[in-house]
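The lines below spell out each chain.
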Amino acid sequence: MAASWDGSNDPGSQSDDSFHFERLHIEPIYDAFVCPLTKQVMRDPVTLENGQTFEREAIEKWFKECKESGRKLVCPLTLQELRSTELNPSMALRNTIEEWTTRNEAAQLDMARRSLNMGSPENETLQALKYVQHLCRRSRSNKHNIRNAGLIPMIVDMLKSSSRKIRCRALETLRIVVEEDDENKVGIGLLELLAEGDTVRTVVKFLSHELSKEREEAVSLLYELSKSETLCEKIGSINGAILILVGMTSSKSEDLSTVEKADKTLENLEKCENNVRQMAENGRLQPLLTQLLEGPPETKLSMAGFLGELALNNDVKVIVARTAGPSLINIMKSGNLQSREAALKALNQISSCDPSAKVLIEAGILSPLVNDLFAVGPNLLPTRLKEVSATILASVVNSGEDFDSIPVGPDHQTLVSEDIVHNLLHLISNTGPAIECKLLQVLVGLTSSPTTVLSVVSAIKSSGATISLVQFIEAPQKDLRVASLRLLQNLSPHMGQELADALRGSVGQLGSLVKVISENTGITEEQAAAVGLLADLPERDLGLTRQLLDEGAFLTVINRVIAIRQGEIRGARFVTPVLEGLVKIVARVTYVLADEPDAIALCRDHNLAALFIELLQANGLDNVQMVSATALENLSQESRNLTKLPELPPPGFCASIFSCFSKQPVITGLCRIHRGRCSLKETFCLYEGQAVLKLVALLDHTNASVVEAALAALSTIIDDGVDIEQGVLVLCEAEGVKPILDVLLEKRTETLRRRAVWAVERLLRTDDIAYEVSGDQNVSTALVDAFQHGDYRTRQIAERALKHVDKIPNFSGIFPNMG
């Protein structure tokens with residue numbers, strides 16, 4: 001067979017191949033068949049006036065060159081001058097050549113068919129495939145002959161060859177067979193032939209081959225096949241086909257022509273709706289959006305419904321919201337029930353991230369959503385769709401937008417207008433758990449913003465809905481409980497007493513809160529919300545604290561704090577706010593020490609003073625440190641009441657008569673500050689608990705609230721009722737004087753300045769400190785500034801401090817003596 005293909009091993013370029021195959025004949029060739037100019041067999045022979053015959057195209061080109069160069073018109077073969085350019089078709093010769101060509105091509109096709117099998121040498125197979133390509137390029141009718149000769153299945157079989165060259169050549173040949181001839185493809189049924197069996201599936205597999213040449217040829221073939229609507233569906237039905245094509249369009253490693261062909265193939269595949277869905281699933285969303293915006297009504301409905309089922313990342317949601325949001329909102333407002341459902345589900349999908357929700361707000365989604373929720377009569381939505389509307393509204397409201405300026409009603413109402421909030425509260429009390437949960441989340445969003453929370457609080461108070469909202473704490477549905485707890489937590493800073501009163505009732509909601517907190521399941525969102533709510537309730541509410549004591553809540557909370565600190569409980573998302581809340585709950589027991597003996601007993605039994613001292617070192621947890629310092633302040637203030645003063649023995653008989661025998665006995669082991677028997681556990685003494693150094697360290701904290709709390713706690717050891725001189729000495733030993741003076745100099749907040757002036761005045765009562773400070777102009781200036789600009793009480797204290805350093809005469813008498 002190699003001899004029949006003229007022994008060529010490397011056919012070379014396409015033009016070389018044509019030249020080679022034009023000379024490849026089975027039957028003898030006659031000289032009369034060959035054009036003297038082209039040296040190739042003629043297809044359209046014509047005769048000149050001198051009887052010479054040429055290929056029409058070749059002789060016309062010769063005439064043109066003669067005319068353009070100004071030469072005489074001569075016969076190119078005889079050089080005889082011609083009088084006319086008239087060309088006479090040689091029909092007999094043309095018919096004879098066509099018959100000869102047909103016989104040769106049939107014989108050559110038979111040769112090719114014998115070479116197209118797995119047992120043929122690689123070179124023969126490559127030559128046979130190249131010859132098929134040559135025939136296809138030569139004329140359309142040859143594609144008939146190729147199909148009728150049964151070569152298509154044989155070429156397809158070559159795709160399974162172990163030779164990479166043969167596989168690539170087979171892909172290329174199939175592409176040439178089907179390309180650029182839409183009418184002919186349908187006429188000869190080539191596409192239908194390729195659609196049978198696993199041919200298309202085999203071609204698709206080449207898309208993921210390692211060799212770029214095979215991928216390139218496979219994409220080019222699929223592009224040609226995708227021009228048929230029938231094969232579009234076939235290609236899309238093959239698992240992974242569209243995924244790989246979409247991946248190729250965004251690949252930076254593929255050849256540019258391959259990327260372009262993959263893109264054009266996908267454009268052709270868009271004719272099939274299922275393909276559009278697959279493209280959307282794999283990140284090519286524009287075809288779906290185009291059909292959603294421009295397609296016929298039934299297509300729009302289908303695309304909207306599918307959009308609601310897609311899992312989209314946040315960036316894509318924003319793009320979809322910008323592109324299709326207004327259209328979906330219009331469908332939601334004016335479509336039939338089926339269309340509204342599809343639009344609502346699509347909007348639900350794309351509204352679930354803050355940036356896309358904000359785009360939808362700008363597109364005007366709020367008014368139709370509110371109308372859907374509150375509508376009655378013929379426009380009433382089924383419950384399942386009301387739930388979707390409520391879900392969208394919850395997502396939109398929690399986007400952080402400013403809702404007190406966005407109108408949603410005819411009278412310039414907003415979402416936080418009293419009537420709207422009343423309607424939301426009414427719906428919450430009269431619908432099922434799913435909608436209740438979403439509407440509670442709407443209120444959570446509205447109460448999370450400082451610009452809208454007060455309007456919602458006012459509406460809740462005027463509607464008397466506090467008790468009903470509190471009751472959701474005991475709902476059987478977890479999502480509903482979490483939503484209600486988050487809402488109540490947001491409300492507690494603004495209506496804490498009302499919530500405390502509602503929780504203190506006999507219904508049991510407080511017990512439910514404690515039960516949630518005590519669940520030993522890590523740290524859940526529900527626990528975080530329950531802790532947050534309880535922590536934000538008024539800390540001085542004695543009735544609430546007593547009930548918590550009675551229910552054993554503090555023991556539960558203390559154990560949770562210890563477990564978190566020891567790493568026994570994990571939950572990265574909520575651990576910090578939960579620990580802060582738990583510490584705040586424990587600290588509330590220190591506010592009622594004077595009125596509640598059980599609170600003192602609890603603090604002693606569980607050594608809470610030691611726990612709070614340990615929490616002072618919770619670096620990075622500012623709120624924990626601040627609350628712990630405040631709790632220590634409360635405990636330390638109670639120390640003076642709990643310190644046991646020493647009992648002196650009665651004087652003896654001689655001592656009662658003779659004063660020389662009345663020497664006081666020396667009692668050791670007394671607290672320097674409280675002048676009695678103290679301990680950290682029993683009397684909460686900061687000095688005995690070695691807390692002073694840790695509190696002094698916090699005076700350098702970057703958070704002013706932590707500094708304020710630490711300074712307040714330290715002030716208890718130099719307050720009235722204790723040995724102030726000894727307290728100052730303790731601060732000196734802890735190197736706390738300079739940090740206190742620095743707080744005064746920094747003037748970070750008015751509260752801090754007021755506390756610092758008070759503490760500095762106490763320090764300056766010690767002569768050595770007063771003498772040293774008198775030379776520090778900065779301290780004097782700070783005290784003068786407080787004296788001139790502070791409130792009445794601060795000015796009084798600043799005056800006394802300035803007297804200590806001789807900056808104001810003692811007889812100034814500007815303020816009456818306050819003792």
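Structure's up top.
Computed from a predicted structure; not experimentally measured. In this numbering scheme, every chain counts its residues from 1 along its sequence in written order. Residue-level local features of this predicted model are given only where pLDDT is at least 70; pairs of side-chain atoms are given and counted only at 80 or more, and the full residue set underlies all totals for whole chains, interfaces and linings. Side-chain numbers come from the whole structure's heavy atoms, not from hydrogens or water.

Colleague: Can you walk me through the packing of aromatic side chains in this structure?
Modeller: Centre distance and the angle of the planes are the two values used to describe a pair of aromatic rings. Stacked, edge-to-face and tilted labels apply to pairs of Phe, Tyr and Trp rings (six-membered ring for Trp) whose centres lie within 6.5 Å, assigned for plane angles under 30 degrees, over 60, and everything in between, in that order. Overall, the coordinates contain 2 aromatic pairs when judged by the stated rule. The interplanar angle of 70° and the centroid separation of 5.3 Å between the aromatic rings of Tyr30 and Phe33 together place this pair among those described as edge-to-face. Judged by centre distance (5.6 Å) and plane angle (65°), the rings of Phe33 and Trp100 are edge-to-face. With Phe33 in the loop between helix 1 (14-22) and strand 1 (45-47) and Trp100 in helix 3 (residues 91-115), this pair connects stretches of sequence that are 67 residues apart. Among the aromatic residues, ring-to-ring pairing joins Tyr30, Phe33 and Trp100 into one connected group. If you follow Arg71 out to its NZ or CZ, it ends over the ring of Trp62, 5.3 Å from the centre. For helices the rule is a DSSP run of H or I covering at least 4 residues; for strands it is a run of E covering at least 2, with both sets numbered from the N terminus onward. Only lysine NZ and arginine CZ atoms are considered, and such an atom sits over a ring when it is within 6 Å of the ring centre and within 35 degrees of the ring normal.

Colleague: Any chance you could explain the side chain of Thr265 here in plain terms?
Modeller: Tracing the backbone shows Thr265 in helix 14 (residues 256-269). The buried label goes to any residue with under 20% of its type's maximum accessible area, the exposed label to any with over 50%, and the partly exposed label to all in between, with areas taken from a 1.4 Å probe on protein chains only. For Thr265, a relative accessible area of 0% translates into the label buried. Note on contacts: a residue pair is in contact if any heavy atoms of the two residues lie within 4.5 Å. The contacts of Thr265, once residues within four sequence positions are left out, are Val219, Leu222, Tyr223, Ser226 and Leu245.

Colleague: Teacher, can you tell me more about the environment of Thr202 here?
Modeller: If you trace the backbone, Thr202 turns up in helix 10 (residues 199-205). The class of Thr202 is buried, set by a relative accessible area of 16%. For the pair Thr202 and Ile238, spaced 36 residues apart in sequence, the C-alpha separation works out to 9.9 Å.

Colleague: Help me understand helix 33 (residues 597-605) in this model?
Modeller: Think of an α-helix as 3.6 residues a turn; residues three or four steps apart then line up on the same face. The complete set of buried residues in helix 33 reads Ala599, Ile600, Leu602 and Cys603. Buried residues of helix 33, viewed axially, fall in a sector of 160°; they line one side. Counted as exposed and oriented over 90 degrees from the buried face of helix 33: Pro597 and Asp605. Packing partners of the buried residues in helix 33 comprise helix 30 (542-550), helix 31 (553-565), helix 34 (608-615) and helix 35 (622-642). Asn607 sits one or two residues past helix 33 and shows a positive phi near 45°. Taking the helix axis as origin, the arc is that swept by the directions to the C-beta atoms.

Colleague: When you look at the sheet that holds strand 2 (residues 53-55) in this model, what are you seeing that I'm missing?
Modeller: Backbone-to-backbone hydrogen bonds pair the strands of a sheet. The strands run either parallel or antiparallel. Pairing between strands is defined by DSSP: at least two bridges between the two strands are required. In spatial order, the strands read 2-1-3; together these 3 strands make up an open sheet with antiparallel pairing. Single-partner strands in this sheet number two, and they are strand 2 and strand 3 (88-89).

Colleague: So what exactly am I meant to see when it comes to the environment of Arg755 here?
Modeller: Note that Arg755 resides in helix 42 (residues 750-763). Through-space distance from the C-alpha of Arg755 to that of Thr794 is 8.7 Å; in sequence the pair is 39 residues apart. Every residue in contact with Arg755, bar those within four places of it in the chain, is listed here: Glu633, Glu708, Leu711 and Ala712.

Colleague: Help me understand the packing of helix 21 (residues 366-374) against helix 22 (residues 383-397) in this model?
Modeller: Packed helices, taken two at a time, are described by the angle between their axes plus the distance between the axes. The convention used is that axes are lines fitted to C-alpha atoms, helices contributing only their stretch in contact, and that angles between N-to-C directions extend from 0 to 180 degrees. Interhelical geometry of helix 21 versus helix 22 gives an angle of 140° and a closest axis separation of 9 Å. In terms of orientation, helix 21 and helix 22 fall into the oblique class. Read as a crossing pair, helix 21 and helix 22 show a hand that is left-handed. Contacts between helix 21 and helix 22 involve Leu366, Leu369, Asp372 and Leu373 from the former and Lys386, Ser389, Ala390, Ile392, Leu393 and Val396 from the latter. Gly counts as polar in this scheme, as do all residues outside two lists: the nonpolar Ala, Val, Leu, Ile, Met, Phe, Trp, Tyr, Cys and Pro, and the charged Asp, Glu, Lys and Arg. Of the residues contributing to the contact of helix 21 with helix 22, the split by class is 7 nonpolar, 1 polar and 2 charged. Roughly parallel means an angle under 35 degrees; roughly antiparallel, over 145; roughly perpendicular, 65 to 115; everything else is oblique. For any helix crossing, the convention is left-handed if the near helix is rotated counterclockwise from the far helix by under a right angle, and right-handed if that rotation is clockwise.

Colleague: Looking at this structure, how should I read helix 22?
Modeller: Expected helix span is taken as 1.5 Å per residue step, with the number of steps being one fewer than the number of residues. Counted at 1.5 Å a residue, the expected span for helix 22 with its 15 residues is 21 Å, and the 21 Å between its end C-alpha atoms agrees. Buried residues dominate helix 22, accounting for 11 of its 15 residues. Leu385, Lys386, Val388, Ser389, Ala390, Thr391, Ile392, Leu393, Ala394, Val396 and Val397 are the residues of helix 22 that are buried. In the core, the buried residues of helix 22 are packed alongside helix 19 (337-350), helix 20 (354-362), helix 21 and helix 24 (433-447).

Colleague: Teacher, can you tell me more about unusual backbone geometry here?
Modeller: As a rule of thumb, non-glycine residues mostly have phi less than zero, and peptide bonds are mostly trans rather than cis. Phi is positive for Asn607, which is not a glycine, with a value near 45°. Its location among the elements puts Asn607 in the loop between helix 33 and helix 34. A relative accessible area of 26% places Asn607 in the partly exposed class. Of note in the backbone geometry, Lys747 takes a positive phi value of approximately 50° without being a glycine.

Colleague: For this particular structure, what's the right way to read the side chain of Ser399?
Modeller: On the secondary structure map, Ser399 appears in the loop between helix 22 and helix 23 (418-429). In this structure Ser399 comes out as buried when scored by relative accessible area, which is 5%. Of the polar contacts made by the side chain of Ser399, one reaches the backbone oxygen of Val396; its length is 2.6 Å. Ignoring anything within four residues of it in the chain, the contact list for Ser399 reads Asp354, Ala357, Lys358 and Ile361. We call two N or O atoms a polar contact when they sit within 3.5 Å, provided that within protein one can donate a hydrogen and the other can accept it, with sequence-adjacent residues counted only if both atoms are side-chain atoms.

Colleague: When you look at the nonpolar core in this model, what are you seeing that I'm missing?
Modeller: One broad trend across soluble globular proteins is that nonpolar side chains are buried collectively. Within this scheme, the nonpolar core is defined by two criteria: the residues are buried Ala, Val, Leu, Ile, Met, Phe, Trp, Tyr or Cys, and they are joined through side-chain atoms within 4.5 Å. One finds Leu328, Leu415 and Phe612 to be the most contacted residues of the largest nonpolar core, which totals 197 residues. It is helix 27 (residues 478-503) that contributes the most residues to this core, 11 residues altogether. Contacts of Leu415, omitting those with residues within four sequence positions, involve Leu366, Val370, Leu393, Val397, Phe403, Ile406, Val408, Ile420, Val421 and Leu446. By size, the runner-up hydrophobic cluster in this structure holds 51 residues, among which are Leu109, Ile152, Leu194 and Ile238.

Colleague: I keep staring at the pattern of salt bridges and nothing clicks. Help me out?
Modeller: Side-chain pairs of opposite charge can arise whenever the charged atoms involved come near each other. Salt bridge criterion: a side-chain nitrogen from Lys or Arg within 4 Å of a carboxyl oxygen from Asp or Glu. With the rule as written, the count across this model stands at 34 salt bridges. Between Arg284 and Asp263 there is a salt bridge, and its shortest N-O distance comes to 3.0 Å. Remark: Asp263 occurs in helix 14 and Arg284 occurs in the loop between helix 15 (273-281) and helix 16 (286-294); sequence separation between them is 21 residues. Its relative accessible area of 16% is what places Arg284 among the buried residues. For Arg753, the salt bridge goes to Glu750, with nearest N and O atoms at 3.2 Å. Taken together, the residues span about one helical turn, with Arg753 and Glu750 both in helix 42 at a distance of 3 residues. Each of Asp720, Glu761, Arg762, Arg765 and Arg800 takes part in a single network of salt bridges with overlapping partners.

Read these as layout, nothing more, since geometry by itself doesn't imply function.
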